[in-house]
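So you can see what is in the structure, the chains are spelled out below.
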Amino acid sequence: MQRVLSAATARAAALGARAWVCGRRGAHQQAGPAPLGRGWVGAGLGLGLGLALGAKLAGELRGAAPAQAPAAADPEAAPQAEPSPDPSPVPGPPHTPAPPPAGRFARAIESSRDLLHRIKDEVGAPGIVVGVSVDGREVWSEGLGYADIENRVPCKPETVMRIASISKSLTMVALAKLWEAGKLDLDVPVQHYVPEFPEKEYEGEKVSVTTRLLISHLSGIRHYEKDMKKVKEEKAYKALIMMRGTLAPDQEKEFKEKGGKSNEKDDFVKAKTEPDNEAKCRNSKPGKKKNDFEQGELYLKEKFENSIESLRLFKNDPLFFKPGSQFLYSTFGYTLLAAIVERASGYKYLDYMQKIFHDLDMLTTVQEENEPVIYNRARFYVYNKKKRLVNTPYVDNSYKWAGGGFLSTVGDLLKFGNAMLYSYQVGLFKNSHENLLPGYLQPETMVMMWTPVPNTEMSWDKDGKYAMAWGVVEKKQTHGSCRKQRHYASHTGGAVGASSVLLVLPEELDAETINDKVPPRGVIVSIICNMQSVGLNSTALKIALEFDKDRSN
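Here's what I pulled together on the structure shown here. (Residues numbered from 1 in each chain as written. Predicted model: local features only at pLDDT ≥ 70, side-chain atom pairs only at ≥ 80, totals over all residues. Heavy atoms only, no water.)

**Details of the overall build of the protein chain**
Looking only at helices and strands, the protein chain has 17 helices and 15 strands in total. By sequence separation, contacts in the protein chain at least 24 residues apart represent 72% of the contacts at least 6 residues apart. Surface summary for the protein chain: the accessible area is close to 30,300 Å², and the carbon and sulfur share equals 55%. (Helix = DSSP H or I, 4+ residues; strand = E, 2+ residues; numbered from the N terminus. Contact = heavy atoms within 4.5 Å. Areas by Shrake-Rupley, 256 points an atom, 1.4 Å probe, with all protein chains shown as cover.)

**With respect to the pairing of strand S15 (residues 522-529)**
In terms of burial, S15 is a largely internal element, eight of the eight residues being buried. In S15, alternate side chains face the same way, and those of Gly522, Ile524, Ser526 and Ile528 on one face and Val523, Val525, Ile527 and Cys529 on the other are all buried. Sheet topology places strand S1 (residues 127-134) next to S15; seven bridges connect them, and they run antiparallel. When the bridges of S15 are listed, Ile128 appears paired with Cys529. With eight bridges connecting them, strand S14 (residues 498-506) and S15 associate as antiparallel partners. Residue pairing for S15: Ser500 is matched across the bridge by Ile528. (Buried < 20%, exposed > 50% of the residue type's maximum accessible area, 1.4 Å probe, protein only. Pairing = 2+ DSSP bridges.)

**Quick look at the sheet that holds strand S10 (residues 406-408)**
Spatially, three strands are ordered S4-S10-S7 in an open sheet, and the strand pairing comes out antiparallel. The open sheet terminates on both sides in strands that have one partner only, identified here as strand S4 (161-162) and strand S7 (366-367). Of the pairings in the sheet, the one linking S4 to S10 comprises two bridges and is antiparallel in character. Counted as the bridge partner of Arg162 is Leu407 from S10.

**Observations concerning helix H15 (residues 410-429)**
The end-to-end C-alpha separation of H15 is 28 Å, in line with the 28 Å expected for 20 residues at 1.5 Å each. Taken as a whole, H15 carries its principal kink of about 30° at Ser423. Most of H15 is tucked away, with 16 of its 20 residues classed as buried. (Expected span 1.5 Å × (residues − 1). Bend = angle between axes of the 7 residues up to and from the residue.)

**What to know about the packing of helix H4 (residues 166-180) against helix H12 (residues 331-345)**
Interhelical geometry of H4 versus H12 gives an angle of 35° and a closest axis separation of 10 Å. Seen along the crossing, H4 lies across H12 with a hand that is left-handed. Contacts between H4 and H12 involve Lys168, Thr171, Ala174, Leu175 and Leu178 from the first element and Thr331, Tyr334, Leu337, Val341, Ala344 and Ser345 from the second. Across the contact of H4 with H12, the residue classes break down as seven nonpolar, three polar and one charged. (Axes fitted to C-alpha atoms, helices over the stretch in contact; angles between N-to-C directions. Left-handed = near helix turned anticlockwise from the far one by under 90°. Nonpolar A, V, L, I, M, F, W, Y, C, P; charged D, E, K, R; others polar.)

**Notes on the nonpolar core**
Residues Val132, Met420, Met449, Trp450, Trp470, Ile527 and Phe547 are the most contacted members of the largest nonpolar core, which totals 122 residues. No other element matches the nine residues that H12 contributes to this core. (Core = buried A, V, L, I, M, F, W, Y, C linked by side-chain atoms within 4.5 Å.)

**Some points on the environment of Met172**
Along the chain, the position of Met172 falls in helix H4. For Met172, a relative accessible area of 1% gives the class buried. Met172 sits 231 residues away from Gly403 along the chain, and the two C-alpha atoms are 9.9 Å apart. Apart from residues no more than four positions distant in its own chain, Met172 is found in contact with Ile215, Met449, Met468 and Ala469.

**Re the pattern of salt bridges**
Taken as a whole and judged by the stated rule, the model has 30 salt bridges. Here Arg551 makes a salt bridge to Asp135, at a shortest N to O gap of 2.9 Å. Of this pair, Arg551 sits in helix H17 (residues 537-552) while Asp135 sits in the loop between S1 and strand S2 (137-148), and the two are 416 residues apart along the sequence. A salt bridge links Glu457 to Lys235; the nearest nitrogen and oxygen atoms lie 3.4 Å apart. Here Lys235 lies in helix H6 (residues 228-244) and Glu457 lies in the loop between helix H16 (443-449) and strand S11 (465-466), a separation of 222 residues in the sequence. For Lys235, a relative accessible area of 15% gives the class buried. When salt bridges with common partners are traced through the structure, they connect Asp135, Lys484, Arg486, Glu507, Glu508, Lys517, Arg521, Asp548 and Arg551 into a single cluster. (Salt bridge = Lys/Arg side-chain N within 4 Å of Asp/Glu carboxyl O.)

**Observations concerning H4**
Helix length check: H4 (15 residues) gives 22 Å between terminal C-alpha atoms against 21 Å at 1.5 Å per residue, within 8%. In terms of residue burial, H4 counts as a mostly covered element, since twelve of its 15 residues are buried. Looking only at H4, the buried set comprises Ile166, Ser167, Lys168, Ser169, Leu170, Thr171, Met172, Val173, Ala174, Leu175, Ala176 and Leu178. Gly182 occupies a position one or two residues after H4 and carries a positive phi of about 75°.

**A short note on unusual backbone geometry**
At the junction of Pro519 and Pro520, the peptide bond is cis and its omega measures out at 0° in the coordinates. Along the chain, Pro520 falls in the loop between S14 and S15. Even without being glycine, Glu203 reaches a positive phi, approximately 55°. In this structure, Glu203 sits in the loop between strand S5 (200-202) and strand S6 (205-207). Among the residues examined, Glu203 registers a relative accessible area of 57% and is labelled exposed. Backbone geometry places Asp361, a non-glycine residue, at a positive phi of 65°. By the element assignment, Asp361 lies in the loop between helix H13 (349-359) and S7. Accessibility expressed as a relative area gives 18% for Asp361, which makes it buried.

Everything listed is a geometric property; what it means functionally is a separate question.
Below you can see the structure in the form of structure tokens.
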């Protein structure tokens, strides 16, 4: 009886609702209801009384019956909030802080994603991966495009790519740890650790190459270009272009007439008298990148067993400049630094670096080798002379692991950046937070590493200088209500079929608000791309500033 009445009740409710909906729809479509006959009215009243009586009887029987189990939730219904006795978030793994609400950075994520799509489309990159952390927490990571064009494998946050010269910043951590432990003197000649590297002379004068000079690219050791004359002309031309922007017209005229008394006097003259088309080529960034990737040593296929063996590529070449006098970016200088790490630590370079990666929880960062199976490894691409996308040729990077031979993910690079930022800032918080753990490096070491070095250049941002395996832009504001230059540290990378950047934007801390905060404080951006010759530093800085804006709000 109960089942019959319940079914009748449900049927009546459905019919009543349907009649109500039809009536509402009709009310919008007609001026008034259609007239009904007497028979229809009587039948309707009788049916209504019967259903009402049935509903009443069903309600009485339902009250006497035992309570029914709650109905199953509708999968399409909106989830209902449930009261929780503990409002605190569920803790994640020990090494991964719980991320802040994504909604807080929704605007920054949307604008940054749009910017990356624009850059990707502009350069024709197959794939690009980005990661952002704010105050030590990863708040956004995403892959755009393809890690493997042929097999249509999309990029994702776990995609592994070449990080190129960001490897130099990793090597710097090894050198810093050895220096802090008293095992490495940065200012003694490198022959103290690596006697296989011959002593050097410059213009008949005996000179010393030290670890400190190697780190900041002031040693005079060549890069991939072997032609000293060409390198000097290039640097002279760049110096002339920079001076033209700072000299008054009469000073520029005097400079042209008198020239310089330095050893590069003839180089300035040659640079000034070059044909216009060649001068334009020299002054254009794409031309410079193209020249770099035309050097044969960039495409070495030879396997080197250790760093000492790699020295034979350049150890007998003359120095291009007197050590300490001029900046000359050199990946080979970091090959020599890898040999110094081996001798000072007593370990093979790769073994020592793997220990550091383990300490920093960088579990997907490894040296690039062809034989091992590396999960999520991307393929690398370049455009040929016909402007068609092709796979890059096979290369063996064993000769330059320290300067550009590691693979990693954006997540691992964020961990590395946060470890450096924490070490840089933890000294400021010690008085207010006595229980803070020490940084991986000492604060004094990080200050040294992020202090610009005189006579250096930061090719990816003219406002900065090179420091110790990092490019650094210092805080600066020349005029009121005008451009404010933020302090940040970064390193870019360019390898065969790959481009990368890691940028650290520290928070501008003051003594009044420091008690309510814990390090690291700031925004870190990492971007990797499986296409060479893609400048990413300015993009990373724009993204960092977008997240810093949302963070401040």
